[in-house]
Amino acid sequence: MEITNVMEYEKIAKEKLPKMVYDYYASGAEDQWTLQENRNAFSRILFRPRILKDVSEIDVSTRVLGFNISMPIMVAPTAMQKMAHPDGELATARATSAAGTIMTLSTCATCSVEEVASTGPGIRFFQLYVYKDRNVVRQLVKRAEEAGFTAIALTVDTPRFGRREADIKNRFTLPRDLTLKNFEGLDLGEIDKTNDSWLASYAASQVDQSLSWKDIKWLQSITSLPILLKGVLTAEDARVAVEYGAAGIIVSNHGARQLDYVPPTIMALEEVVEAVEGRIPVFLDGGVRRGTDVFKALALGASGVFVGRPTLFSLAADGEAGVRKMLQMLRDELELTMALSGCSSLREISRNHIKTDWDFPHYLPAKL
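Definitions and cut-offs
Residues numbered from 1 in each chain as written. Predicted model: local features only at pLDDT ≥ 70, side-chain atom pairs only at ≥ 80, totals over all residues. Heavy atoms only, no water. UniProt positions renumbered as here; feature names shortened; annotations may be inferred. Buried < 20%, exposed > 50% of the residue type's maximum accessible area, 1.4 Å probe, protein only. Helix = DSSP H or I, 4+ residues; strand = E, 2+ residues; numbered from the N terminus. Pairing = 2+ DSSP bridges. Axes fitted to C-alpha atoms, helices over the stretch in contact; angles between N-to-C directions. Parallel < 35°, antiparallel > 145°, perpendicular 65-115°, else oblique. Contact = heavy atoms within 4.5 Å. Nonpolar A, V, L, I, M, F, W, Y, C, P; charged D, E, K, R; others polar. Polar contact = N/O pair within 3.5 Å; in protein donor to acceptor, adjacent residues only side chain to side chain. Expected span 1.5 Å × (residues − 1). Arc of directions from axis to C-beta.

In the annotation of an unreviewed UniProt entry, the chain is listed under the name (S)-2-hydroxy-acid oxidase and assigned to Brassica rapa subsp. trilocularis. You can read under Sequence similarities (unreviewed entry) in the UniProt record for the chain the words "Belongs to the FMN-dependent alpha-hydroxy acid dehydrogenase family." Of the comments in the UniProt record for the chain, the one headed Subcellular location (unreviewed entry) reads "Peroxisome".

Undergrad: I tried to follow the pairing of strand E5 (residues 102-105) on my own but got confused; where do I start?
TA: Two faces make up the sheet, and in a regular strand the side chains alternate between them. Neither face of E5 is exposed, since Ile 102 and Thr 104 on one face and Met 103 and Leu 105 on the opposite face are all buried. The sheet contact formed by E5 and strand E6 (residues 123-128) spans four bridges and is parallel. Across the sheet, Leu 105 pairs through a bridge with Phe 126, a residue of E6.

Undergrad: Teacher, can you tell me more about the packing of helix H2 (residues 19-26) against helix H13 (residues 309-341) here?
TA: In helix packing, the relevant descriptors are the interaxial angle and the interaxial distance, both defined with respect to the helix axes. Packing of H2 against H13 brings their axes to within 10 Å, and their N-to-C directions diverge by 155°. On the basis of the axis angle, H2 is roughly antiparallel to H13. For the pair H2 and H13, contact is made by Tyr 22, Tyr 25 and Ala 26 and by Arg 309, Leu 312 and Phe 313, respectively. Split into classes, the residues belonging to the contact of H2 with H13 amount to five nonpolar, no polar and one charged.

Undergrad: Mind showing me how you'd approach the side chain of Arg 134 here?
TA: With respect to the helices and strands, the residue Arg 134 is situated in helix H6 (residues 134-146). Polar contacts involving the side chain of Arg 134 include one to the main-chain carbonyl oxygen of Tyr 131, which spans 3.3 Å.

Undergrad: Honestly, H6 in this entry has me stumped. Any pointers?
TA: One turn of the α-helix equals 3.6 residues, which is why residues spaced by three or four share an orientation. The end-to-end C-alpha separation of H6 is 18 Å, in line with the 18 Å expected for 13 residues at 1.5 Å each. Along H6, the positions that sit buried rather than exposed are Arg 134, Val 136, Val 137, Gln 139, Leu 140, Val 141, Arg 143 and Ala 144. On its buried side, H6 packs onto helix H5 (113-117), E6 and helix H9 (214-222). Remark: Gly 148 follows H6 within two positions and exhibits a positive phi of approximately 90°.

Undergrad: Mind showing me how you'd approach H9 here?
TA: Listing the buried residues of H9 in full gives Asp 215, Ile 216, Trp 218, Leu 219 and Ile 222. When H9 is viewed along its axis, its buried side chains cluster within an angular range of 160° and face the same direction. Residues of H9 that are exposed and angled more than 90 degrees away from the buried face: Lys 214 and Ser 221. The inward-facing, buried residues of H9 contact E6, H6, strand E7 (151-155) and strand E8 (227-232).

Quick look at the structure:
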């Protein structure tokens, strides 16, 4: 079957992956309302295309934190990619580099920062959880720096891990032949290694629940890398993030895997953008499956988007080639959307190209 859109990769991945692995990647927290709304909310945004514009040439290139990239579509951090494909994060790194865009490596990756760096040049961010043992954090950040990673994406919405009932039912464990490579070689102290998934369990249990705004300053004191805050959903927190010197914000609800019934990210985006008043870039993470979704996020003020599950599903379906094609399809769809909306460059995309109404009950389209 020829793949014609990103969503088709999920069906293939579901057929190929063990149920425990597919459910881990695909499921959300509790009732999974937010998981569904991350997608559904995009359908409540309609286009206002402009006609008779010269769109003979379309430019989708942009700059993120001073880095030139080919398109405003980047790869979000997703854990344990070797469960999807034997090449895991190495395949994703090669595909992302070939596409000329940014990959974010998860702390809980099955390939280390050094292994990812060994695949060749590329712009890579490192996603970070802050652990109770700050020496572990120092070591992780130092290794990321030495491996050439250029920014830290600090996850700020996980003082505790959300209730993912599919994982409870499946008794999710990290497969025996895999390990969380970024923890190898670190001084982790005394931990029980009798459990098959001891390292994953250790990582989850060691997340620092006391993490607060003051720790942003601490993190800035141990690294010169720009720090993005991943997991901001409100204007109030966005303003504080600016005050504390965040280099950028990623509007994210952790793939709907943390607190259910938070807004879909595309719905939360605009208030965050308005709150920062252009002082730092704002990115969107969550629910993006089409180039039309990317355009809508840009029209609402995002500087770019990150894609998570599409990376995992395309990786599971066809390895590096799958991730390459997934990114290319999103790029092609974005270019088409821009052409049909009368925009020849990203800077021409504006709020006037869309209309939304989040306030009507049940998002009634007739009220738009």
